[in-house]
Structures are given as structure tokens and as C-alpha cells.
Amino acid sequence: MVATMKAAVFVEPGRIELVEKPIPDVGPNDALVRITTTTICGTDVHILKGEYPVAPGLTVGHEPVGVIEKLGSAVTGYAEGQRVIAGAICPNFSSYAAQDGVPSQDGSYLIPSGRCGCHGYKATAGWRFGNLIDGTQAEYVRVPDAQANLAPIPDDLTDEQVLMCPDIMSTGFKGAENANIRLGDTVVVFAQGPIGLCATAGARLLGATTIIAVDGNEHRLGISRRLGADVTLDFRDCDVVSEVMRLTGGRGADSAIEALGTQTTFEQALRCLKPGGTLSSLGVYSQDLKIPLDAFAAGLGDHRIRTALCPGGKERMRRLMNVIAAERLDLGVLVTHHYKLDDIVAAYDLFARQRDGVLKIAVKPA
């Protein structure tokens, strides 16, 4: 008899359901991880709504915290029973894309099936969990290329403390890193959801001295102040672009981080920039973007627009957990709700409708 597990799967737009699936086996380079805590991401909501396509029957979720249940024969330096996380992005770090500095865009594992072209470059393909292979909202998950992607959790850190590392913290920090922040910079961060909040925290850690956080939710703006924002703007109460220009004496922000994924926030981020400034885009866009000619200075403003997909790998995870362990940042404040895996459908309803001040939900199989 095949052993089974509970897993949340995408059925069709508007439907994610909890079903029984076989517990995955592992190949020589894989690890089987028993999930102790995972969570729901805004990208999962895009999947639920049909705005980001995945195959029906795929287990969703991409933020694993757990315990090694079984190791592939080629995986060394780890032990069964060890607490680990894995990045939401789990590339093959020996691939061309990884060695070219863009491991998140590694689709080399798709070449044998004919789903990826020359040398294995494919946009977003490094994101496997809940995208191209079964994900983490389940009792177990298979971690591919485990040698490079598993990161041991320090003994004194809880699941909730490291839960943001696989995606939210890594993505938000990447937004700050891509913003070319220098000591003394002014940075404006659009949207203070979990990723935007991490971008705000990352901007402070990188040396920005004036961080302007923009949102329409006073609770989130309050948390952004705790994580590093110097000024908070409620877009319902002011013209954000005019206020940023006033705060900077008409100069404009050195950098803008867009963490929502809408035409409005993207355009406002561009309009807030000084000539030569950087727009760091983290949004998942569900329709075409238009770049206004005046804000773009007809292409002559020395603006830089940088996009990113969450970095993964054990070294990235180790560094992020170091930030937590050194008490430079406490992201436990982002975990506002706890649900059992059995109640994952209700958790999705809460998260997708943004009720009850939800930021992140800790989902536990047991």
C-alpha cells in the first residue's frame, strides 16, 4: 500500500482543496522534508484566482520549514531528523544560469522534457515549489538539489522566526539590494504587505536614512514604522508623488521599491524618482504595464528599472537566519494567525480577503 499525505492542491481558478496524495519518493540528489510550518503567499492567491497558471492537481505553497525525513544517496553533510528550511527558489547551482549569476532563472531540469531551450535559461523556472513541482502546503515535500538548497536552522530559532526566510524576507531584501541603496539615501517603498515590510527593513539595514513607506492600511503602516520606516504615507489622504517631492525638496527619492504589482504603484514609483534613480520592482503583474513618457523623461533620465525573483540557496538562507539570530530584525511580528493544514481552505479565504489584520499565516500540518 502506498503511503499518503494531506496536501493542498490547485483544482481550478477559485478552488484550492485539501486532498490525499502519495508521499513523494526521493532521488539521489533530493531530500524528503516533513513540514512542521509553512505559510500562504500573495503569489498563491494569484494562483488561486487563476492569474498565474499552474497545472491542476499541483500541490501549492513554496515556504518550507521542517525536518529531514529521508536523504537521497548523494546528499552529504545533513542528517535525518535535522531541522531545515529551503528557499522558495531551489535551482540547480551547477547550471549555466546559476553560474551566470541568475540562479532564479534556471530551467535546466526542464531540458530533458523539452520544456526549456538552449542551456536551460527560463524566466522564473528556479521557482519550482508550487509552480512546476509539488509544493509545501502538505505534510511532506521533496526538495530537489538538496545539497545546495537545504539550510540547517540554528537550535535557538523557532519555526515562526525563520518562516519568512524562504521567500518573504529574501524577496523583500532583494528589492532593497536591487535598489542600489547607499548610506544616507532616501527610499520610498510602495505597499506594506509582508514583502514591502521586508523591503522597508532591508532598506534600513543597507543604510538608507529616510525611508518613506506607502500604504492604505494604518495597521501595516504602524508595523512599517517598527521595522524601519521614518515617514509613513496613507495614499488615501495625500498625493503620494507630491508629498515625496515635498519631503525631498523637489529632488526626488534616490530609490523606489514597488512591492504590489499594479500600474498605479509602478507609475507612482517612477514619478517619485530623482534623475538617475533606481526603481526596484517586486510586484507580480497580471496585466501589461505602461510607462508614461514624462515620468520616463522620454528615456533620457538615467533611470534604472530592475526586476527580481526571490534568491534561494543554502548560503542565502544562512545569511538571512544570521540576521534573525543576531536580533537585527524580528519578523515574528508578521505572523498574525495560526491555522492547521486541515483548515487550509479557510486560511486561504482569510488571506485572500485580507480580513482581521492578516499579514502572514503559520500553517502547521500537526
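Residues numbered from 1 in each chain as written. Predicted model: local features only at pLDDT ≥ 70, side-chain atom pairs only at ≥ 80, totals over all residues. Heavy atoms only, no water.

(A) View of the pattern of salt bridges. According to the stated counting rule, one finds 24 salt bridges in the structure shown. Here Asp30 ties to Arg142 by a salt bridge, and the two come within 3.2 Å at their closest N and O atoms. Of the two residues, Asp30 sits in the loop between strand S2 (15-22) and strand S3 (31-37) while Arg142 sits in strand S6 (residues 140-143), which places them 112 residues apart along the sequence. According to the relative accessible area criterion, Asp30 is buried, its value standing at 11%. Among the ionic pairs, Asp254 bridges to Lys274, the shortest N-O distance being 2.8 Å. (Salt bridge = Lys/Arg side-chain N within 4 Å of Asp/Glu carboxyl O. Helix = DSSP H or I, 4+ residues; strand = E, 2+ residues; numbered from the N terminus. Buried < 20%, exposed > 50% of the residue type's maximum accessible area, 1.4 Å probe, protein only.)

(B) How the structure looks around unusual backbone geometry. Unlike most non-glycine residues, Ala191 shows phi in positive territory, near 85°. Mapped onto the secondary structure, Ala191 falls in the loop between strand S8 (186-190) and helix H6 (194-205). By relative accessible area, which is 9% here, Ala191 ends up buried. A positive phi angle, near 55°, is found at Asp356, a position not held by glycine. Following the sequence through the fold, Asp356 ends up in the loop between helix H11 (344-353) and strand S15 (360-364).

(C) Local environment of the state of the cysteines. With the rule as written, the count across this model stands at zero disulfides. No disulfide involves Cys41; its sulfur sits 9.0 Å from that of Cys310, the nearest cysteine. (Disulfide = S-S within 2.5 Å.)

(D) Representation of the pairing of strand S11 (residues 253-258) within the structure. Most of S11 is tucked away: six of the six residues are buried. Pairing between S8 and S11: four bridges, direction parallel. By the bridge assignment, Phe190 is partnered in S11 with Glu258. Across five bridges, S11 lies against strand S12 (residues 273-281) in parallel orientation. (Pairing = 2+ DSSP bridges.)

(E) Highlighting helix H9 (residues 263-272). Burial in H9 covers these residues: Thr265, Phe266, Ala269, Leu270 and Cys272. On an axial view of H9, the arc spanned by its buried residues comes to 165°, and they lie on one face. (Arc of directions from axis to C-beta.)

(F) Up close: a nonpolar patch on the surface. A cluster of nonpolar side chains, contributed by Tyr96, Val102 and Tyr121, occupies part of the molecular surface with about 300 Å² of accessible area. With respect to the helices and strands, Val102 occurs in the loop between helix H2 (96-99) and S6. (Patch = residues over 30% accessible without salt bridge, like charges linked within 9 Å, V, L, I, M, F, W, Y side chains within 5 Å. Areas by Shrake-Rupley, 256 points an atom, 1.4 Å probe, with all protein chains shown as cover.)

(G) Representation of the packing of H6 against helix H7 (residues 218-227) within the structure. The interhelical angle for the contact between H6 and H7, taken along N-to-C directions, is 25°, at an axis separation of 9 Å. One finds that H6 runs roughly parallel with respect to H7. Where H6 crosses over H7, the two elements pack in a sense that is right-handed. For the pair H6 and H7, contact is made by Pro194, Leu197, Thr200 and Ala201 and by Arg220, Ile223, Ser224 and Leu227, respectively. (Axes fitted to C-alpha atoms, helices over the stretch in contact; angles between N-to-C directions. Parallel < 35°, antiparallel > 145°, perpendicular 65-115°, else oblique. Left-handed = near helix turned anticlockwise from the far one by under 90°. Contact = heavy atoms within 4.5 Å.)

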